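Analysis of the macromolecular model
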Amino acid sequence: MGKIKLIENNSEIGAGTRGSSLGLAALKVADFNLGTGFFKKNKDAFVVKNENVSLQKPSPFLKAKYIDQIFHVCEDISTQVNNAFQKNSFPILISGDHSSAIGTISGIKAANPSARIGVIWIDAHADLHTPFTTPSGNVHGMSLMAALNFDNLERRIHEIDHATQQQWDKIKKIGNIYPKITTDDIVFIGLRSSEDPEDYFIIENNIKRIGVEEVRRRGYEKISFEVLEYLDACDLIYVSFDVDSLDCDLISYGTGTPVPNGLTEQEAGGLINGFLISKKTACFEVVEINPCLDNKQNKMAETALRILDRASSIIEKRG
Ligand SMILES: [Mn+2]
């Protein structure tokens, strides 16, 4: 694994609240003000084409809003991630909303078709909805389920129309390899806001889940070590960091769906650094920074930038 390849994706159409497309810009402001130099080091970034203009019209897919445009964004993400792997680079993605992960996982799988991919999902939410179970219709709550190629019909709360069904089937099959991951190879960290259909799926499939309290009580060093051990059978690991995993009262409300009682900067950063020490960890993504909602100026982006910058130093040191 050579040097870092930054992939910038400001798509926000998978979220219900507007503004995560500005997360990247907020990180750049934070980088300037903190004098970190992260973007200077990573100035030849790949830029993903967004479809944010589609927000000017309501989506016809009420149970999976803008899923047709999200498919195109995710195809581009997948291509860019695959290209980074072909160049022996470590892809770091900065994305708007978390539906991006459908594309990221697709790109990792496209570049490594026979690899077993572990996913560490650091997030207040499980993102295990489907068009059949979603309360909001926002696709950023469905990313993991799309990668897993499941519908969770046992817990369906509504019917969907044929056109939505077609779009959902299409996005689950993105990259023509599906499923891309299995429930045995997912670890949730910081999950504390999930709905009944998601809880059912987690319990039914015995998905590994580590709460904020456990991280605090046992320490992030021990937890990161154990998570890597848990994913020992995987060939590659993808770390997906949704900033709503952070404690909104302690840090900031600068994210689309803030949740109290989350991780501290030290805990989230410590876990991520612990995961990156393993050479199996091959891709890192930061999502859902929304500076429009920040109640402390630009604190969410500043916090995420520090975590990102330390993470990038560790990747560089691995050589
Ligand atoms: Mn998320």
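These lines cover the structure that appears in this document, whether it is placed above or below. (Residues numbered from 1 in each chain as written. Predicted model: local features only at pLDDT ≥ 70, side-chain atom pairs only at ≥ 80, totals over all residues. Heavy atoms only, no water.)

**Remarks on the side chain of Ser11**
- On the secondary structure map, Ser11 appears in the loop between strand E1 (4-9) and helix H1 (23-34).
- On the basis of relative accessible area, Ser11 is assigned to the buried category, the value being 3%.
- In contact with Ser11, other than residues within four places in its own chain, are Ser20, Asn50, Asn52, Val73, Gly96 and Asp97. (Helix = DSSP H or I, 4+ residues; strand = E, 2+ residues; numbered from the N terminus. Buried < 20%, exposed > 50% of the residue type's maximum accessible area, 1.4 Å probe, protein only. Contact = heavy atoms within 4.5 Å.)

**Overview of the packing of aromatic side chains**
- Scanning the model with the defined rule gives 2 aromatic pairs in all.
- Here the aromatic rings of Phe38 and Phe39 are separated by 5.1 Å at their centres, their planes lie at 90 degrees, and the arrangement is edge-to-face.
- Given a relative accessible area of 11%, Phe39 falls into the buried group.
- Summarising the aromatic geometry, the rings of Phe150 and Phe201 are spaced 5.1 Å apart at their centres and angled 70 degrees between planes, so their arrangement reads as edge-to-face. Remark: Phe201 occurs in helix H7 (residues 196-204) and Phe150 occurs in the loop between helix H5 (143-148) and helix H6 (162-172); sequence separation between them is 51 residues.
- Across from the ring centre of Phe71, 4.4 Å away, lies the NZ or CZ of Lys170, which sits over that ring.
- We note Lys208 situated over the ring of Tyr230; from NZ or CZ to the ring centre the distance is 5.5 Å. (Phe/Tyr/Trp six-rings, centres within 6.5 Å; stacked < 30°, edge-to-face > 60°. Lys NZ or Arg CZ within 6 Å of the ring centre and 35° of its normal.)

**Considerations on the side chain of Thr130**
- Inspection of the secondary structure assignment puts Thr130 in the loop between strand E4 (117-122) and H5.
- For Thr130, a relative accessible area of 0% puts it in the buried group.
- Separated by 2.9 Å, the side chain of Thr130 and the backbone oxygen of Asp151 make a polar contact.
- Ignoring any residue separated from it by four or fewer positions in sequence, one finds Thr130 in contact with Met142, Met145, Phe150, Asp151, Asn152 and Trp168. (Polar contact = N/O pair within 3.5 Å; in protein donor to acceptor, adjacent residues only side chain to side chain.)

**A look at the sheet that holds strand E5 (residues 186-189)**
- Spatial strand order, E2-E1-E3-E8-E7-E4-E5-E6: 8 strands in an open sheet with parallel pairing. The open sheet has two edge strands, strand E2 (46-47) and strand E6 (208-210), and neither has a second partner.
- For E4 and E5, the ladder comprises 4 bridges, and the chain directions are parallel. In the sheet register, Ile122 faces E5, and the bridge partner there is Ile189.
- Lying over the sheet, helix H10 (residues 265-277) contacts strand E3 (90-95), E4, E5, strand E7 (236-242) and strand E8 (281-287), oriented at roughly 165 degrees with respect to E7.
- Set on the sheet, helix H11 (residues 299-318) makes contact with E1, E3, E7 and E8; between it and E3 the angle comes to about 170 degrees. (Pairing = 2+ DSSP bridges. Axes fitted to C-alpha atoms, helices over the stretch in contact; angles between N-to-C directions.)

**What about the state of the cysteines?**
- Taken as a whole and assessed by the stated rule, the structure comprises 0 disulfides.
- Here Cys74 is not disulfide-linked; the sulfur of Cys283 is the nearest cysteine sulfur, at 13 Å.
- With a relative accessible area of 1%, Cys74 lands in the buried category.
- Looking at Cys248, it has no disulfide partner, and the nearest cysteine sulfur is the one in Cys292, 17 Å off.
- Judged by its relative accessible area of 2%, Cys248 falls in the buried class. (Disulfide = S-S within 2.5 Å.)

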